[in-house]
Amino acid sequence: MMPRTPFLCDMAANIYIGNKVSVNMNCSLMDSNRITIDDETMIGPNVQIYTATHPVTVDDRLNADWDAHPEQHFVRTRALPVHIEHQCWLGGGVIVLPGVTIGAGSVIGAGSVVTHDIPAGVVAVGNPCHVVRTLIQQA
């Protein structure tokens, strides 16, 4: 893999990239958990892949012990892995949220926000990202 600069990541220890992967410029990978990008995948410019998430309600989100332990973060965080299977193409500006798997050979349209798993062999677009058609795989 040869990422175009700038390339930003959180830890760099949780990113697993296969062979023949293209990562274009201005990509951000928040790798609090494992990010796996399989072989022959194209990642467009300005793509963001997140693994960290927080509880939605304030009572669940805020760390009640923060005043007693200021070395801890004031909010609770958890991280879910992201897997982009082989031969995918993520268009420019795609955002992939925590816990998502994008199935092999799928194409995610530019500017899409991927909030849930996407099956293999489809074109998916939008916010939230949804399948618009199935691709015909040639033998």
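Refer to the preceding data block for the structure.
Residues numbered from 1 in each chain as written. Predicted model: local features only at pLDDT ≥ 70, side-chain atom pairs only at ≥ 80, totals over all residues. Heavy atoms only, no water.

Some words on the sheet that holds strand β13 (residues 101-102)
Piece 1. Pairing within the open sheet is parallel, and its four strands lie in the order β2-β5-β10-β13. Two strands in the sheet have a free side with no partner beyond their single neighbour: β2 (15-17) and β13. (Pairing = 2+ DSSP bridges. Helix = DSSP H or I, 4+ residues; strand = E, 2+ residues; numbered from the N terminus.)

Side note on the pairing of strand β16 (residues 122-125)
Piece 1. In this sheet, β16 lies alongside strand β14 (residues 107-108) in parallel orientation, the contact comprising two bridges. Across the sheet, Val107 pairs through a bridge with Val123, a residue of β16.
Piece 2. Where β16 and strand β17 (residues 130-134) come together, four bridges link them in antiparallel fashion. Paired with Val123 across the bridge in β17 is Arg133.

What about the state of the cysteines?
Piece 1. In the structure shown here, the tally under the stated rule is zero disulfides.
Piece 2. Free of any disulfide, Cys27 has its nearest cysteine sulfur in Cys9, 12 Å distant.
Piece 3. Free of any disulfide, Cys88 has its nearest neighbouring cysteine sulfur in Cys129, separated by 11 Å.
Piece 4. With a relative accessible area of 1%, Cys88 lands in the buried category. (Disulfide = S-S within 2.5 Å. Buried < 20%, exposed > 50% of the residue type's maximum accessible area, 1.4 Å probe, protein only.)

Notes on the sheet that holds strand β4 (residues 27-30)
Piece 1. The sheet built from five strands is open, its strands ordered β1-β4-β7-β12-β15 with parallel pairing. What marks the edges here is a single partner per strand, and that holds for β1 (7-9) and β15 (113-114).
Piece 2. Pairing of strand β12 (residues 95-96) with β15, which is carried by two bridges, proceeds in the parallel orientation. Residue pairing across strands places Val96 opposite Val114, the latter belonging to β15.

Details of the nonpolar core
Piece 1. Core analysis: the biggest nonpolar cluster contains 24 residues, and Ile49, Ile84, Leu90, Val96, Ile102, Ile108 and Val114 have the highest contact counts within it.
Piece 2. Elements that contribute at least two residues to this core include exactly β4, β5 (35-37), β10 (82-84) and β16.
Piece 3. Contact partners of Val114, with chain neighbours within four places excluded, come to Val94, Ile95, Val96, Leu97, Val100, Ile102, Ile108 and Cys129. (Core = buried A, V, L, I, M, F, W, Y, C linked by side-chain atoms within 4.5 Å. Contact = heavy atoms within 4.5 Å.)

A look at unusual backbone geometry
Piece 1. For the bond from Asn127 to Pro128, the omega torsion is 5 degrees, close enough to zero to count as cis.
Piece 2. Looking at where Pro128 falls in the secondary structure, it is placed in the loop between β16 and β17.
Piece 3. In this structure, Asn26 is a non-glycine residue whose phi angle is positive, near 65 degrees.
Piece 4. In this structure, Asn26 sits in the loop between β3 (22-23) and β4.
Piece 5. Relative accessible area serves as the criterion here: at 34%, Asn26 is assigned to the partly exposed category.

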